[in-house]
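Remarks on the overall topology
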Amino acid sequence: MAETNSHIAEQGLRWTISDIVAMTWRGLVRYIRLPQLLVFSTIQPILFLLLFTYVFGGAIQTTQDHYINFLVPGILVQIVIFGSVQTGVGLAEDLSKGLIDRLRSLPMARSAVLMGRTLADLVRNLFVMVLMIAVALIIGFRPSGSIGAIVAAVFLIASFGFAFSWVSAAIGLSVKNVETAQVAGFIWVFPLVFASSIFVPIETMPSWLEAFAKISPITVTVNAVRALMLGTPLGDNLWQSLVWIIGILIDFSMLAVWRYRKI
Amino acid sequence: MENNGIIIQIRNLSKSYGKVHALENVSFDVKKGVILGLLGPNGAGKTTLVNILTTLLRPDGGTAMVSGFDVLANPSAVRSRIGLAGQFAAIDENLTGRENLELVGTLYHLPRAIAKKRAQKLLEEFSLTDAANRLAKTYSGGMRRRLDVASSLIGEPEILFLDEPTTGLDPQSRNELWTAIEGLVNRGTTVLLTTQYLEEADRLADHIIIMNEGKIVAQGTAKDLKSNLGKSVLEVHVKDRQKITTITTLLKQFDPSVNEAVEVVTIPITMGTQMLLEIIRQVELAGVELADIELRKPTLDEVFLTLTGKK
């Protein structure tokens with residue numbers, strides 16, 4: 001009996017994984033089939049990179065001799081946060097088109113719908129990040145951290161984006177409408193992104209804003225990424241960032257799953 | 001699993017949204033291998049019922065057994081035995097037709113080779129082979145619908161739920177889909193179909209349940225419903241259209257109605273032969289010349305309108 005049960009559990013797990021793989025593939029195909037989606041998710045951050053490097057950069061005093069070295073770790077985090085908005089938009093689209101109803105009537109793992117979407121967006125984020133780093137290197141980004149530390153930084157950013165995808169998923173499943181998901185997804189992200197250490201050292205902000213920016217998950221993550229990429233001391237940033245990531249993941253995956261069940 | 005060939009058993013199903021009773025104490029059985037038509041206007045509770053039977057929605061009260069399994073106690077067993085094509089064509093526009101079918105096949109946990117084989121077969125049956133490798137976003141409305149219904153069949157379900165499958169389709173696409181649905185019964189699939197179109201229920205369904213405001217108001221075969229519920233209708237065609245008014249005034253007591261376009265006066269025959277003879281006698285006495293007089297069974301539309309009280 002115990003053996004049969006473990007066999008069934010094993011098969012269940014295999015099916016769950018196969019469902020997640022199928023849904024992830026389906027989520028990625030849209031980027032291959034809709035190249036403009038991928039183009040826009042890379043052009044916009046590249047424009048930001050150029051804008052801040054050449055237009056604003058000269059006016060921003062940082063700890064780095066060259067602003068671009070300060071900027072790139074931050075802008076990579078910004079990309080995955082903006083990218084995560086797509087998770088909720090995609091889910092809202094599936095909902096409004098009736099696709100989720102079809103999926104919910106199938107004998108598939110229910111978790112696979114959300115996992116597939118968030119994993120697909122994770123893969124897309126990694127791709128965009130690699131492309132961005134290449135562009136940054138061309139225009140003068142010179143990281144002094146070790147290769148291992150840079151790779152670790154990329155994975156830290158990807159995990160951060162993955163956690164934000166679940167926030168976005170919870171929003172998308174709550175608003176159930178593509179346009180609203182788009183707006184609702186960005187509204188809370190914008191102030192968080194700018195009130196952080198992504199573009200400027202937070203010490204230059206008024207003290208009330210600095211206090212807010214200091215504890216922001218974005219600031220600690222950007223600081224950790226910056227330290228890893230530039231080979232400066234990590235301080236408390238890495239573990240604080242990991243605590244945020246795990247906390248956001250647990251809370252918002254539960255919230256998103258709950259919203260999914262309530263549809 | 002099923003007893004006496006009953007594949008869906010519904011008892012006292014209820015569902016409310018706030019103060020609106022979407023379903024009120026609905027009970028019926030569906031026999032294996034039939035096409036059941038759930039007919040009703042918007043808001044009759046058809047979609048709510050389908051959503052409960054396909055495990056998408058929990059009822060407030062009552063039970064539903066689908067393919068021998070309780071939808072509440074064992075939803076995953078139900079899901080592996082049903083197919084659903086909902087009100088919207090639920091296809092992924094960024095995949096090709098073939099990829100859509102294979103994806104759903106994978107999610108039914110079919111071995112890859114079988115999923116591919118069935119996808120190919122369904123593409124042929126639903127006349128989609130030419131478009132099989134094109135992105136679904138290039139499909140016409142009719143093609144999307146056919147792909148949607150085909151997707152719901154890839155798991156070879158025992159029961160197929162079709163929620164208003166032809167809403168929004170042009171007459172030709174509608175006909176193509178009807179032919180495909182009729183073909184399903186030959187493989188033994190039970191079909192539960194909701195529709196607002198009487199013509200559709202009349203053509204496809206072996207058994208029709210008419211719903212209105214969350215309740216069943218009548219059921220039976222199309223023939224039963226027409227003969228038991230609708231009154232026979234007398235159509236009086238006059239030679240001279242000026243005389244239409246004369247006829248209606250003359251027969252006022254019999255509640256005549258006039259269709260100006262075709263110059264016909266119709267009268268429901270509520271009291272049998274005696275009434276018929278009385279009408280003819282009065283017309284003759286008045287000396288109105290008739291082009292034609294015809295006694296016919298009511299259409300399903302007339303039955304429907306009588307039952308739901310909508311004009």
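For every chain, the first residue of the written sequence is number 1, and numbering continues from 1 onward in sequence order. A letter from A marks each chain and a number from 1 marks each ligand, given out in the order of writing. Given that this is a predicted model, residues contribute local features only at a pLDDT of at least 70 and side-chain atom pairs are listed and counted only at 80 or more, while totals for whole chains, interfaces and linings are drawn from all residues. Note that the side-chain values use all heavy atoms of the structure and ignore hydrogens as well as water.

**Topic: the interface of chain B and chain A**
Between two residues, a contact is recorded if the distance between any of their heavy atoms is within 4.5 Å. With 29 residues of chain B at the contact, the number on the chain A side is 24 residues. Buried area, as used here, totals the accessible surface that two parts lose on assembly, with accessibility defined by a 1.4 Å probe and the loss added over both. Between chain B and chain A, the buried area comes to about 2,400 Å², and carbon and sulfur atoms account for 59% of it. By the criterion of area lost to chain A, the three top residues of chain B are Leu-56, Leu-107 and His-109 of chain B, representing 29% of everything that side buries. Salt bridges are counted wherever a side-chain nitrogen of Lys or Arg sits within 4 Å of a carboxyl oxygen of Asp or Glu. At the junction of chain B and chain A, the tally comes to four salt bridges. Two residues, Arg-26 of chain A and Asp-92 of chain B, come together in a salt bridge whose shortest N-O distance is 2.4 Å. Any pair of nitrogen or oxygen atoms within 3.5 Å is treated as a polar contact; in protein, a donor-acceptor pairing is required on top of that, and neighbouring residues in sequence qualify only through side-chain atoms on both sides. Put simply, chain B and chain A have 10 residue pairs in polar contact (both at pLDDT 80 or more) between them. Where the side of chain B that touches chain A is concerned, the elements lending two or more residues are β6 (82-85), α3 (97-107) and α5 (141-151) of chain B. By residue number, the principal contributor to the side of chain B that touches chain A is α3 of chain B, which donates five residues. Runs of H or I in DSSP of at least four residues are treated as helices and runs of E of at least two as strands, each being numbered from the N terminus.

**Some thoughts on the environment of Asn-100 of chain B**
Residue and element names in this part refer to chain B. Mapped onto the elements, Asn-100 comes out in helix α3. Not counting residues up to four positions away in its chain, the partners in contact with Asn-100 are Ile-91, Asp-92, Leu-95, Ala-136 and Leu-147. Among the polar contacts listed, one links the side chain of Asn-100 to the backbone nitrogen of Asp-92, at a separation of 2.9 Å.

**So, the packing of aromatic side chains**
Only Phe, Tyr and Trp rings take part, Trp by its six-membered ring, and two of them pair if their centres are within 6.5 Å. Stacked means planes under 30 degrees apart, edge-to-face means over 60, and tilted covers everything else. Scanning the entire structure with this criterion turns up 12 aromatic pairs over all chains. Where Phe-52 of chain A meets Phe-56 of chain A, the ring centres are 5.0 Å apart and the plane angle is 70°; that geometry is what we call edge-to-face. Residue Phe-52 of chain A and its partner Phe-56 of chain A are located together in helix α2 (residues 35-56), separated by four residues, close to a single helical turn. The buried label applies to any residue whose accessible area, calculated with a 1.4 Å probe on protein chains only, is under 20% of its type's maximum; exposed applies above 50%, and partly exposed to all values in between. Residue Phe-52 of chain A is classed as buried on the basis of its relative accessible area of 8%. Residues Phe-162 of chain A and Trp-166 of chain A carry aromatic rings whose centres are separated by 6.3 Å and whose planes lie at 85° to one another, so their mutual orientation is edge-to-face. Taken together, the residues span about one helical turn, with Phe-162 of chain A and Trp-166 of chain A both in helix α6 (residues 147-175) at a distance of four residues. Note on accessibility: Phe-162 of chain A and Trp-166 of chain A belong to one class, buried. An aromatic cluster is built from Phe-48, Phe-52, Phe-56, Phe-82, Phe-186, Phe-190, Phe-194 and Phe-199 of chain A, whose rings are joined through pairwise contacts. Across the ring face of Phe-70 of chain A, the terminal group of Arg-226 of chain A is positioned such that the distance to the ring centre comes to 3.5 Å. Criterion for a charge above a ring: Arg CZ or Lys NZ at most 6 Å from the ring centre, at most 35 degrees from the ring normal. Taking NZ or CZ as reference, Arg-174 of chain B lies 4.5 Å from the ring centre of Tyr-197 of chain B, over its face.

**Let's talk about the UniProt feature "transmembrane region" (unreviewed entry) in chain A**
Residues and elements named next belong to chain A. UniProt positions are given in the numbering used here, feature names are shortened, and annotations may be inferred rather than shown by experiment. When the UniProt feature table is mapped to this numbering, "transmembrane region" (unreviewed entry) covers residues 37-56, 68-92, 122-141, 147-171, 183-202 and 238-258. Between the C-alpha atoms that bound residues 37-56 there is a distance of 27 Å. The span itself is 100% helix and 0% strand. Along residues 122-141 one finds 85% helix and 0% strand; the C-alpha atoms at either end are 24 Å apart.

**A short note on the sheet that holds strand β5 (residues 69-70) of chain B**
Residues and elements named next belong to chain B. One open sheet accounts for four strands, arranged β2-β1-β4-β5; its pairing is antiparallel. Looking at the sheet topology across the chains shown, the edges are occupied by β2 (20-31) and β5. Every axis in this analysis is a line fitted to C-alpha atoms, fitted for helices over the stretch in contact. Angles between the N-to-C directions lie between 0 and 180 degrees. Sitting on the sheet, helix α1 (residues 46-53) touches β1 (6-17), β2 and β4 (61-66), and the angle it makes with β1 is about 120°. Between any two strands, at least two bridges found by DSSP are needed for them to pair.

**Observations concerning the UniProt feature "domain: ABC transmembrane type-2" (unreviewed entry) in chain A**
According to UniProt, the positions carrying the feature "domain: ABC transmembrane type-2" (unreviewed entry) are residues 36-263 of chain A. Its end C-alpha atoms 30 Å apart, residues 36-263 of chain A is made of 79% helix and 0% strand.

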